[in-house]
Amino acid sequence: MAIAYDETVLLALLPGLCGFGMLTAALGIVWLGNCRMHRPFPAALFALIGLCLLWLFPASPAAQLSAQTDARQRVIELTNQIRVDYNLPPLKRNDTLQAAADWIAQDNASRNTLSHTDALGRNIGARLTDFGYAYSIVAENLAAGYISPEAVLDGWMNSTGHRANILRDNICEIGAGYIYQSGTMYGHFWSQNFGCRWNTYPVVINNEAASTTSREVTLYMYGTGWAEQMRLSNDGHAWTDWMPYTATISWTLLPGTGERAVFAEVRRGTTVYHTNFR
């Protein structure tokens, strides 16, 4: 059995907020070495729900990220593979969106339901505000019953509203949730939270793959239409010279194994914006 519906909510623009807030260029994280991907278990029932919410809000600094290697990460990687196939930018995993996606998947599983409204009565907008994600746009996909990341992405891509969320051209960050709960109608519960914050320019390593066996990687740097120049660093101290902004660039990570970060700064005229933490 498969059920699906989509809902779109447009909220009134808040006067005086559009275009304001600190500009940030988020760092990228990848694990240099080998990582194992985990897969979920079988189930028979399927359900899909999609939601998009737009709201103007001031930006806040990006959270520091850590690599993850599980079914949630596989959902993110598959999502970016699809977006790249459609000539869209890859999305950067954001820890706040990740926490919110985990919450709604676990909340649905604990209540044996599938709903964008959680147990506290919050919709996606209120929930992400409570989680501290100050967004300019946010969208959410939910699903249940699908046995693997590949299966749930196939389900979402074959549903008009969910496909539209995955292929939105005005989002830049993502979080994915998954939980298996025995004794429930669907067993497997999935979520995607998409978003973008005002004047935030993430840097994405190898389309947000969790790991790499090579120091040579490809970066996607957000900033098209605003940034004129950019510079990069592996440690936040030793920087390249300023170079003309380009969305895609080859880069060499620091030697050794373990988690690696790439820092980025972008500028337009005399205004420079750099990676911020919170």
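From a predicted model like this one, the values you see are computed outputs, not experimental measurements.

## Regarding the pattern of salt bridges
Think of it this way: side chains of opposite charge can pair up when their charged atoms draw near. Scanning the entire structure with this criterion turns up 12 salt bridges. Here the salt bridges do not stand alone but share partners, grouping Asp 118, Arg 122, Arg 127, Asp 130 and Glu 140 into one network.

## Some words on the packing of helix H2 (residues 95-111) against helix H3 (residues 124-131)
At a minimum axis distance of 10 Å, the contact between H2 and H3 shows a crossing angle of 130 degrees. The orientation of H2 relative to H3 falls into the category oblique. In this structure, H2 meets H3 at a crossing whose hand is right-handed. For the pair formed by H2 and H3, the contact residues are Thr 96, Leu 97, Ala 99, Ala 100, Trp 103 and Ile 104 on the first element and Arg 127, Leu 128 and Phe 131 on the second. Residues of the contact of H2 with H3, tallied by class, amount to seven nonpolar, one polar and one charged.

## A short note on the environment of Pro 90
With respect to the helices and strands, the residue Pro 90 is situated in the loop between helix H1 (71-85) and strand S4 (92-93). For Pro 90 and Asn 80, which are 10 residues apart along the polypeptide, the C-alpha to C-alpha distance reads 4.9 Å. Apart from the residues lying within four places of it in its own chain, the contact partners of Pro 90 are Asn 80, Val 84, Val 204, Asn 207, Tyr 220 and Tyr 222.

## Things to note about the sheet that holds strand S8 (residues 203-205)
Here three strands make up an open sheet; going across it, the order is S8-S10-S13 and the pairing antiparallel. Every interior strand has two partners, whereas the edge strands, S8 and strand S13 (248-252), have only one. When the angles between neighbouring strand axes are averaged without regard to direction, this sheet yields 35 degrees. Across three bridges, the pairing between S8 and strand S10 (residues 216-221) is antiparallel. The residue of S10 that forms the bridge with Val 203 is Met 221.

## Some remarks on unusual backbone geometry
Negative phi values dominate among residues other than glycine, just as trans dominates among peptide bonds. Positioned with a positive phi, Asn 87 is a non-glycine residue whose angle comes to about 60 degrees. Relative to the elements of secondary structure, Asn 87 occurs in the loop between H1 and S4. One non-glycine residue, Asn 112, lies in the positive phi region at around 55 degrees. As for its position among the elements, Asn 112 is in the loop between H2 and H3.

## Remarks on the side chain of Ser 159
Within the secondary structure, Ser 159 sits in the loop between helix H4 (149-157) and helix H5 (160-166). What makes Ser 159 buried here is its relative accessible area of 9%. A distance of 2.5 Å separates a polar atom in the side chain of Ser 159 from a polar atom in the side chain of His 162.

## Some remarks on the pairing of strand S15 (residues 271-274)
Bridge count between strand S14 (residues 258-268) and S15: four bridges; the pairing is antiparallel. Each residue of the ladder has a partner; that of Glu 265, found in S15, is His 274. Hairpin geometry of S14 and S15 is characterised by an intervening segment of two residues between the two adjacent antiparallel strands and by a positive phi of about 65 degrees at Gly 269.

## Focus: the nonpolar core
Nonpolar side chains in soluble globular proteins generally cluster together in the buried interior. Within the largest apolar cluster, 48 residues are counted, with the highest numbers of intra-cluster contacts made by Trp 190 and Leu 219. Top contributing element to this core by residue count: H1, with five residues.

## Topic: H3
Ile 124, Gly 125, Arg 127 and Leu 128 are the residues of H3 that are buried. Summarising the axial view, the buried residues of H3 lie within an arc of 165 degrees, below the 170-degree limit, and thus occupy one face. A distance of 3.1 Å separates the backbone nitrogen of Gly 125 from a side-chain oxygen at the start of H3, and that oxygen is part of Asn 123. In the stretch just after H3, Gly 132 is the one whose phi turns positive, near 95 degrees.

Conventions we followed
Within any chain, residue numbers begin from 1 and follow the written order of that chain's sequence. Local features in this predicted model are restricted to residues whose pLDDT is 70 or higher, and side-chain atom pairs enter the listing and the counts only when it is 80 or higher, whereas totals over whole chains, interfaces and linings include all residues. Excluding hydrogens and water, the side-chain values take into account all heavy atoms of the structure. Counted as salt bridges are all cases of a side-chain nitrogen of Lys or Arg within 4 Å of a carboxyl oxygen of Asp or Glu. Fitted lines through C-alpha atoms serve as axes, helices being fitted only where they are in contact, and the angles separating the N-to-C directions of these axes extend from 0 to 180 degrees. Helix numbers and strand numbers start at the N terminus; a helix is a DSSP run of H or I with at least 4 residues, a strand a run of E with at least 2. We call two directions roughly parallel when the angle between them is under 35 degrees, roughly antiparallel when it is over 145, roughly perpendicular when it lies between 65 and 115, and oblique otherwise. By convention, the crossing between two helices is left-handed when the near helix turns anticlockwise from the far helix through less than a right angle, and right-handed when the turn is clockwise. The contact rule is simple, with two residues in contact once any of their heavy atoms fall within 4.5 Å. Only Asp, Glu, Lys and Arg are considered charged in this grouping, and only Ala, Val, Leu, Ile, Met, Phe, Trp, Tyr, Cys and Pro are considered nonpolar; every other residue, Gly among them, is considered polar. Strand pairing is defined by DSSP finding a minimum of two bridges between the two strands. When a residue's accessible area, from a 1.4 Å probe over protein chains only, is under 20% of the maximum for its type it is buried; when over 50% it is exposed; and in between it is partly exposed. By the criterion applied in these results, polar contacts are pairs of N or O atoms within 3.5 Å in which, for protein atoms, one can donate a hydrogen and the other can accept it, and in which residues neighboring in sequence qualify only through two side-chain atoms. Take the buried residues of types Ala, Val, Leu, Ile, Met, Phe, Trp, Tyr and Cys, join any two whose side-chain atoms come within 4.5 Å, and each joined set is a nonpolar core. What the arc measures is the spread of directions leading from the helix axis to the C-beta atoms.

These figures capture arrangement, not role.
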